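# Report on the structure
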Amino acid sequence: MPTAITIGSTGLVGSCLLKELINNSTYDLIRVFTRRSTGITHPKIEEHIIDFDHPEQWESKVKGDVLFSTLGTTRVKAGGKNPQLKVDYTYQYEFVRIASTMGVPVYVLVSSAGASATSPSFYMRMKGRLDEDVTVLSFDSINILRPGALRGERSEPRPIETFGIKILTALANVGLLNDYKPIHACQVARAMLLAARNQLPGYHIYQPGRLFAMADEFLKTKFLWSPTA
């Protein structure tokens with residue numbers, strides 16, 4: 001049966017993605033690997049609450065047709081740069097490496113606009129390093145999505161981020177900083193599903209502007225496509 005694997009399903013993009021996967025006829029099974037329960041019960045969901053520090057306890061279960069990775073945290077929430085690096089880079093890379101050795105053919109990752117391994121920004125450098133390091137893994141199709149600022153309903157208030165999104169939206173509306181134009185988390189999730197559906201061989205990076213078009217394309221074709229088409 002077609003199986004999707006997810007990490008990061010309790011986050012902003014991850015929660016949107018999980019809802020889309022539940023309502024998507026492409027996948028019969030969704031293997032959710034998470035540090036805390038999503039709180040969602042559904043016949044398609046197989047939830048595994050795991051400790052990322054002990055892969056020997058769960059690595060044999062990482063089996064499926066596509067891995068969707070939306071795992072991430074903030075420096076404040078993690079408690080500093082090193083704890084954030086552990087979640088955003090180490091945990092992600094180790095899980096992805098295991099998925100590749102288990103024969104998962106397709107990988108879809110949410111990165112960030114501006115990600116670069118040589119960036120002076122710690123966050124952008126961390127994201128860029130992951131984007132580069134996964135290229136050596138043995139997936140048939142690697143898809144890196146780099147959205148701008150994320151819009152959506154968060155579980156905790158982020159007033160500074162909300163203010164920043166308003167500024168970026170206003171600038172984008174007058175043709176400035178279009179690469180960082182805010183995008184809704186559910187649009188990113190739909191772009192992820194389109195990338196997984198297309199399964200383009202090799203390594204592909206999708207910059208912010210492309211994601212809006214991908215989300216629209218997914219919505220236009222979601223009822224016209226099936227796994228056997």
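Read on for a plain summary of the structure. Position numbers for residues start from 1 in each chain and track the written sequence from start to end. In view of the model being predicted, local features appear only for residues whose pLDDT reaches at least 70, and side-chain atom pairs are presented and counted only at 80 or more, with totals across whole chains, interfaces and linings using the full set of residues. Side-chain descriptors were evaluated using all non-hydrogen atoms of the structure, hydrogens and water having been removed beforehand.

### A few points about the overall build of the protein
A run of DSSP states H or I qualifies as a helix once it reaches four residues; a run of E qualifies as a strand once it reaches two. Both are numbered from the N-terminal end. Helices and strands together make up the secondary structure of the protein, namely seven helices and nine strands. The rule is simple: take the accessible area with a 1.4 Å probe, protein chains only, and divide by the maximum for that residue type; under 20% is buried, over 50% is exposed, in between is partly exposed. The buried share among the 229 residues of the protein stands at 46%. Here, residues are in contact when the closest pair of their heavy atoms is within 4.5 Å. The contacts in the protein between residues at least 6 apart in sequence include a share of 70% that link residues at least 24 apart. Under the convention used here, a 1.4 Å probe and the Shrake-Rupley method define accessible areas, while residue burial counts only the protein chains that appear. Per element, the accessible surface of the protein, about 11,200 Å² overall, is 54% carbon and sulfur.

### Some words on the packing of helix α3 (residues 81-101) against helix α4 (residues 122-133)
The angle between two axes is taken between their N-to-C directions and runs from 0 to 180 degrees, where each axis is a line fitted to C-alpha atoms and a helix contributes only its stretch in contact. Between α3 and α4, whose axes approach to 10 Å, the crossing angle comes to 15 degrees. It follows from the interaxial angle that α3 and α4 lie roughly parallel. Note that α3 runs across α4; the crossing there is right-handed. Contacts from K81, Q84, L85, D88, Y89, Q92 and Y93 in α3 reach F122, Y123, M126, K127, R129, L130 and D133 in α4. Note on terminology: angles under 35 degrees are roughly parallel, angles over 145 are roughly antiparallel, angles of 65 to 115 are roughly perpendicular, and the others are oblique. By definition, any crossing whose near helix is turned counterclockwise from its far helix by less than a right angle is left-handed, and any crossing with a clockwise turn is right-handed.

### Some words on the sheet that holds strand β9 (residues 202-206)
Here, any two strands with at least 2 DSSP bridges between them count as paired. Ordered by their spatial adjacency, seven strands build an open sheet running β3-β2-β1-β4-β5-β6-β9, and the pairing between neighbours is parallel. Strands with a single pairing partner mark the edges of an open sheet, and in this sheet they are β3 (45-49) and β9. Shown here is a sheet whose adjacent strand axes are inclined to one another by a mean of 15 degrees, direction ignored. The pairing of strand β5 (residues 106-110) with strand β6 (residues 141-145) spans five bridges and is classified as parallel. Each residue of the ladder has a partner; that of V106, found in β6, is S141. Contacts from α3 reach β1 (3-7), β2 (29-34), β4 (66-69) and β5, with the element oriented near 175 degrees to β4. The strands touched by α4 within the sheet are β5, β6 and β9, with β5 carrying the most contacts at an inclination of about 170 degrees.

### Some words on the state of the cysteines
Defined by distance alone, a disulfide is two cysteine sulfur atoms within 2.5 Å. Summed over the entire model, instances satisfying the criterion amount to one disulfide. The disulfide bridge from C16 ends at C186, spanning 2.2 Å between sulfur atoms. Disulfide C16-C186: the torsion about the S-S bond is -65 degrees, which places it as left-handed. In this pair, C16 sits in helix α1 (residues 12-22) while C186 sits in helix α6 (residues 185-198), placing the two residues 170 residues apart along the sequence. Taking relative accessible area as the criterion, C186 reaches 19% and is therefore assigned buried.

### Structural notes on the side chain of K44
Along the chain, the position of K44 falls in the loop between β2 and β3. Charge assignment: positive for Lys and Arg, negative for Asp and Glu; neither His nor the chain ends contribute. We define a salt bridge as a side-chain nitrogen of Lys or Arg found within 4 Å of a carboxyl oxygen belonging to Asp or Glu. Nearest to the buried, unbridged K44 among oppositely charged side chains is D28, at 6.2 Å. Each polar contact in these results corresponds to two N or O atoms within 3.5 Å; when the atoms are within protein, one needs to be able to donate a hydrogen and the other to accept it, and residues that are neighboring in sequence are counted only if both atoms are side-chain atoms. From its side chain, K44 meets the backbone oxygen of L21 in a polar contact 2.8 Å long. In this structure the side chain of K44 is engaged in a polar contact, spanning 3.1 Å, whose partner is the backbone oxygen of I22. Aside from chain neighbours lying at most four places away, what touches K44 is L21, I22, N24, Y27, D28, L29 and I30.

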